[in-house]
Amino acid sequence: MSTTYEAEKQVAIAAVRRASALTASVFNKLVKNETLTKDDKSPVTVGDFSAQAVVNTMLLRAFPEDNIVGEEDAADMRVESGKLLRNRIVELVNETITAPLQAGETEAWGLGPDYAQTPEQIMDIIDRGNYNGGSTGRFWTLDPIDGTKGFLRGEQYAVCLALIVDSQVQLGVMGCPNLPVSVSNPSGPRGCIFVASRGQGAWQIPLDASDSSAPIPLTIPTFTKDTLNLLESVEKAHAKLSFNDRVAELLGITKAPTRMDSQAKYCSLARGDGGVYLRMPVGSGYKEKIWDHAPGAVLVEEAGGVITDSRGEPLNFGLGRTLGENFGVIAAGKNVHAHVLEAVKKAKEEETS
Ligand SMILES: Nc1ncnc2c1ncn2[C@@H]1O[C@H](COP(=O)(O)O)[C@@H](OP(=O)(O)O)[C@H]1O
Ligand SMILES: [Mg+2]
Ligand SMILES: [Mg+2]
Ligand SMILES: [Mg+2]
């Protein structure tokens, strides 16, 4: 019998909602010493750590047996020099989890006025994201702020959560606080959640729990050469944008690419706002992380699209915390995908000839 993971979906949506609200509120108050640089030179903020604590708290209350592959860990807050950061995170996390229950939430998820945690509990709950993943069993993967650089610029970022069972992504939920609700009104209201569970479709729902708008089903539309364009990273260090230019040329694409941080690219693709997400490695030996692609992958597939690496192979979410050897990512509607794959092969041949 197939499972629809309905209970998991409800918890995941509520967790992404609370964490998204936290990140949106922290952005306006972020001060200089609340951002650290990690060993790989990438930034991380009090928002990332706090959002991971909130999501992990809710997941582990609801599903105590589950493991979590989370991007962040609390090591930097456990040392004396991390005291200020730790205090701020404790404040943010407790503010978020003790806020009154909203429709559909329950105290059983560790929420409400009685559930404030000690600093030690909060550090420990952040570190429950230290699971290594693997090919069998069930675990969650969490990117508490995907696109931290976009977040810091006040641009796109996403709170990203996925459930993986025996290497297959079964459920993906992404909160995009800065993404316009309507593609046709880019300067209108912002804030949406994207939800997909395997076999159940892809949906956009309001970020605000009190908004009773109906869920919007998502299907990738068909594109012509004139309407097609690429979705790609803002950060040149994350993807080889010159390669994308050549692929666009080979495909006869005339529209300029849309540059956007985070898995908001997958969300845009799923709702027809951009026709191809192309991410090619820059050649630094970086390995793509499962939390940067798992929820986006199931969203695109459930919206009727195809996602593979640049050789046309499926992404493997059962190899651990990374996707293993990195051959890039191509995501697009079914018909478009085959053409992009062909153009990518041609552009690669040109590079080596
Ligand atoms: N050299 C590199 N190559 C590819 N991706 C990288 C990278 N360095 C960092 N990243 C990843 O790129 C993600 C952002 O993707 P994008 O460029 O699509 O916005 C980052 O997520 P975080 O912001 O969660 O750390 C990080 O995991
Ligand atoms: Mg990061
Ligand atoms: Mg990320
Ligand atoms: Mg992140």
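Everything numeric here is computed off the predicted structure, so don't read it as measured data.

Definitions and limits used
- Residues numbered from 1 in each chain as written.
- Chains lettered and ligands numbered in written order.
- Predicted model: local features only at pLDDT ≥ 70, side-chain atom pairs only at ≥ 80, totals over all residues.
- Helix = DSSP H or I, 4+ residues; strand = E, 2+ residues; numbered from the N terminus.
- Rg over C-alpha atoms; globule rule 2.2 N^0.38 Å.
- Buried ≥ 20, exposed ≤ 12 C-beta atoms within 10 Å, placed from the backbone.
- Contact = placed C-beta atoms within 7 Å.
- Near = placed C-beta within 6 Å.
- Nonpolar A, V, L, I, M, F, W, Y, C, P; charged D, E, K, R; others polar.
- Domains from an automatic or database assignment.
- Pairing = 2+ DSSP bridges.
- Axes fitted to C-alpha atoms, helices over the stretch in contact; angles between N-to-C directions.
- UniProt positions renumbered as here; feature names shortened; annotations may be inferred.

**Some remarks on the overall build of the chain**
- Along its length, the chain carries 10 helices and 14 strands.
- Its C-alpha atoms give the chain a radius of gyration of 19 Å, near enough to 20 Å, the size a compact globule of 353 residues would have.
- Residue burial in the chain is summarised as follows: out of 353 residues, 47% are buried.
- Considering only contacts in the chain between residues 6 or more positions apart, those separated by 24 or more positions represent 71%.

**Thoughts on the site of ligand 1**
- Taken together, 18 residues form the shell around ligand 1, and within it T148, S233, H238, D261 and Y286 come nearest.
- If you list the elements that add at least two residues to the shell around ligand 1, you get β4 (138-146) and α6 (148-153).
- A breakdown of the residues in the shell around ligand 1 according to their chemical character gives 3 nonpolar, 8 polar and 7 charged.
- There are two domains that each give the shell around ligand 1 at least three residues, and those are domain 1 (6-217) and domain 2 (230-352).

**With respect to the sheet that holds strand β10 (residues 230-232)**
- One open sheet holds the 5 strands; their spatial order is β11-β10-β12-β14-β13, and the pairing between them is mixed. If you trace the sheet from one side to the other, it starts and ends with β11 (258-259) and β13 (305-308), each paired once.
- Taken together, the 2 bridges between β10 and strand β12 (residues 276-279) define a ladder with parallel strand orientation. From the neighbouring strand, L231 faces β12, where its bridge partner is Y277.
- Where helix α9 (residues 294-302) meets the sheet, it contacts β13 and β14 (329-333), and its direction lies at approximately 145° from that of β13.
- Along the sheet face, helix α10 (residues 334-352) touches β12, β13 and β14 and points at about 145° away from the line of β14.

**Remarks on the domain arrangement of the chain**
- By domain assignment, the chain separates into domain 1 (6-217) and domain 2 (230-352).
- Taking the mean C-alpha position of each, domain 1 and domain 2 sit 24 Å from one another.
- Listed by partner, the interface residues are 36 residues for domain 1 and 28 residues for domain 2.
- For the side of domain 1 that touches domain 2, the secondary structure elements donating two or more residues are β4, α6, β5 (158-165), β6 (168-180), β7 (190-197) and β8 (202-206).
- Looking at side-chain class alone, the side of domain 1 that touches domain 2 contains 18 nonpolar, 12 polar and 6 charged residues.

**A short note on the UniProt feature "binding site: Mg(2+)" (unreviewed entry) in the chain**
- Within this numbering scheme, the UniProt entry marks E71, D143, I145, D146 and D292 as carrying the feature "binding site: Mg(2+)" (unreviewed entry). A stretch of 222 residues holds the annotated residues, and the largest C-alpha distance among them is 10.0 Å, short enough that they meet in one place.
- Here D143 shows up in strand β4.
- Leave out the neighbours within four places in its chain, and D143 touches E71, C160, W291 and D292.
- Ignoring any residue separated from it by four or fewer positions in sequence, one finds D146 in contact with Y157, A158, C160, S262, Q263 and D292.

**Examining the sheet that holds strand β3 (residues 67-70)**
- Taken together, the 7 strands give an open sheet; going across it, the order is β3-β4-β5-β6-β7-β8-β9, and neighbouring strands pair in mixed fashion. The sheet is open, and its two edges are formed by β3 and β9 (216-217), each paired on a single side.
- Helix α1 (residues 6-29) contacts β4, β5, β6 and β7 of the sheet and is inclined by roughly 30° relative to β6.
- Each of β3, β4 and β5 touches helix α2 (residues 46-62); the most contacted strand, β4, lies at about 150° to it.

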